[in-house]
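Each chain is listed here by its residues.
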Amino acid sequence: MKTIREFLEEQINEQLIQAVLSGRRTGEGPSKVKLRPVELKGKICYQASMTEGPKVYHKNYSREEIIDYLESSMEEFRQLQTTGRRQDGSILISKKGKATIKTKHHEAVQNAKIAPHNRVKQYILKEGTAAPFLVDLGVMTKDGKIVASRYDKFRQINRFLEFIRDILPKLPKDREITILDFGCGKSYLTFAMYYYLRELEGFDVNIIGLDLKEDVIRHCSELARSYGYEKLHFYQGDIAGYEGVSSVDMVVTLHACDTATDFALAKAVEWGAQVILSVPCCQHELNRQIRNDVLQPVMRYGILKERMAALITDGFRAELLESKGYETQLLEFIDMEHTPKNILIRAVKTGKKKSRDSFAESMKALHVNPTLDRLLYPEESISQKGE
């Protein structure tokens, strides 16, 4: 009969598809370990995915290291199952510690290739397929190749479209959809929204981009006309005073500075927008207001106070949207190394309103009076009630 070591020497090689350790018997540690061979820098190694509570950890091993690890792990786990291209196997450990080892040969599994360690990301906008707006905006070449210095922008655009893809079931497909993009700027994402929703997904969209810069609006309007984007319009104007529509299906506001985000969110609620996507920027308002004796040892450091104020601002924004009947998420937009403005607020209207009482108390405790609260609750805001 094979020993555990002999079984592992036979099973753990480039013919392995997957191995699973399960049924922890003793000690603390992962409840399950999944193992697969991966290609890393031209060499085969073995990646272990270790499940411990709600978290999954990953670690790469050489063949010798993973065999040693699995052999010692059989003192802690009841079972090891291996699946290979030509043979499968198992080790079962009884309550008394006796090992039962089995192997089974089968016909070769076809097309079972070792995965590269870093899998190629499948983007919504494909590299190699030139999108005219990406070419004119300097992100792509005419043959669809991503300009190296603009790859971060390409990733950001695709990440944003992934957030939209998640909420597509919330948007009607049997009528025209109105989308407002406040503070659209150079409109990378505005053009991407139109292209994705209309050209790729077949939605009847009417998208309006709004920005204060006249030259930017003029340039974007010229581009939209040159592409034949008949339902993509750009206008000069501010967020607070825009009255060009009476109802909107989706409101987008990206990097609107400080309280401009609040005016955009309040407008979205007023219009009854089904979806809100917002990446706030420069949250100065609460940084000027916030004070709390208990937190003073932390907030006396300017950089920490600034970051705390920004996070608290977005937390209150999310809660206020929840109080108006939106299911709200705070999501990471792009990686921290690219920009600190990386929190996206995504709110989908459900009609289920959350009580405002709990975070109203939080606002009082921090001595803050956010603009969004005053806009959404003009008769009930903290400033009206006093402290």
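Structure first, text after, so check above.
Criteria and thresholds
Residues numbered from 1 in each chain as written. Predicted model: local features only at pLDDT ≥ 70, side-chain atom pairs only at ≥ 80, totals over all residues. Heavy atoms only, no water. Helix = DSSP H or I, 4+ residues; strand = E, 2+ residues; numbered from the N terminus. Buried < 20%, exposed > 50% of the residue type's maximum accessible area, 1.4 Å probe, protein only. Lys, Arg positive; Asp, Glu negative; His and termini not counted. Salt bridge = Lys/Arg side-chain N within 4 Å of Asp/Glu carboxyl O. Polar contact = N/O pair within 3.5 Å; in protein donor to acceptor, adjacent residues only side chain to side chain. Pairing = 2+ DSSP bridges. Axes fitted to C-alpha atoms, helices over the stretch in contact; angles between N-to-C directions. Contact = heavy atoms within 4.5 Å.

### Let's talk about the side chain of Arg 85
- Position of Arg 85 among the secondary structure elements: in the loop between strand 5 (77-84) and strand 6 (87-93).
- Glu 14 provides the closest opposite charge to the buried, unpaired Arg 85, separated from it by 7.8 Å.
- In this structure the side chain of Arg 85 is engaged in a polar contact, spanning 3.1 Å, whose partner is the backbone oxygen of Leu 16.

### Brief notes about the pattern of salt bridges
- Summed over the entire model, instances satisfying the criterion amount to 20 salt bridges.
- In this structure, Asp 152 engages Arg 155 in a salt bridge whose closest nitrogen and oxygen atoms are separated by 4.0 Å. Taken together, the residues Asp 152 and Arg 155, both in helix 4 (residues 151-167) and three residues apart, mark about one turn of the helix.
- Note on Arg 155: relative accessible area 26%, which makes it partly exposed.
- The closest approach of N and O atoms between Glu 162 and Arg 159, which form a salt bridge, is 3.0 Å. In this pair, Glu 162 and Arg 159 both sit in helix 4, three residues apart, roughly one turn of the helix.

### Considering the sheet that holds strand 12 (residues 250-257)
- Strands sit in the order 11-10-9-12-13-15-14 across an open sheet of seven strands; the sheet is mixed. Edge positions in the sheet fall to strand 11 (232-236) and strand 14 (326-332), since each of these pairs with one other strand and no more. Across the sheet, the mean angle from the axis of one strand to that of its neighbour is 15 degrees, orientation sign disregarded.
- Relative to strand 12, strand 9 (residues 177-182) is paired through four bridges, and the arrangement is parallel. Residue pairing for strand 12: Asp 181 is matched across the bridge by Val 252.
- Strands strand 12, strand 13 (275-281), strand 14 and strand 15 (343-349) of the sheet are contacted by helix 4, whose axis makes an angle of about 15 degrees with strand 15.
- Against the sheet, helix 10 (residues 302-323) makes contact with strand 13, strand 14 and strand 15, and its axis sits at roughly 155 degrees relative to strand 14, the strand it touches most.

### Describing the pairing of strand 3 (residues 43-52)
- When strand 2 (residues 32-40) meets strand 3, the two strands line up antiparallel, connected through nine bridges. Across the sheet, Leu 35 pairs through a bridge with Ala 48, a residue of strand 3.
- Where strand 2 folds back onto strand 3 in an antiparallel hairpin, the turn is made up of two residues, including Lys 41, whose phi is positive at roughly 55 degrees.
- Of the pairings in the sheet, the one linking strand 3 to strand 4 (residues 55-61) comprises seven bridges and is antiparallel in character. If you follow Glu 52 over to strand 4, its bridge partner there is Lys 55.
- The loop that links strand 3 with its antiparallel partner strand 4 comprises two residues; one of these, Gly 53, has a positive phi angle of about 65 degrees.

### Comments concerning the environment of Ser 355
- The topology assignment puts Ser 355 in the loop between strand 15 and helix 11 (357-366).
- With relative accessibility at 45%, the residue Ser 355 sits in the partly exposed group.
- Taking C-alpha positions, Ser 355 is 8.3 Å from Glu 322, a pair spaced 33 residues apart along the chain.
- A polar side-chain atom of Ser 355 sits 3.2 Å from the main-chain amide nitrogen of Asp 357.

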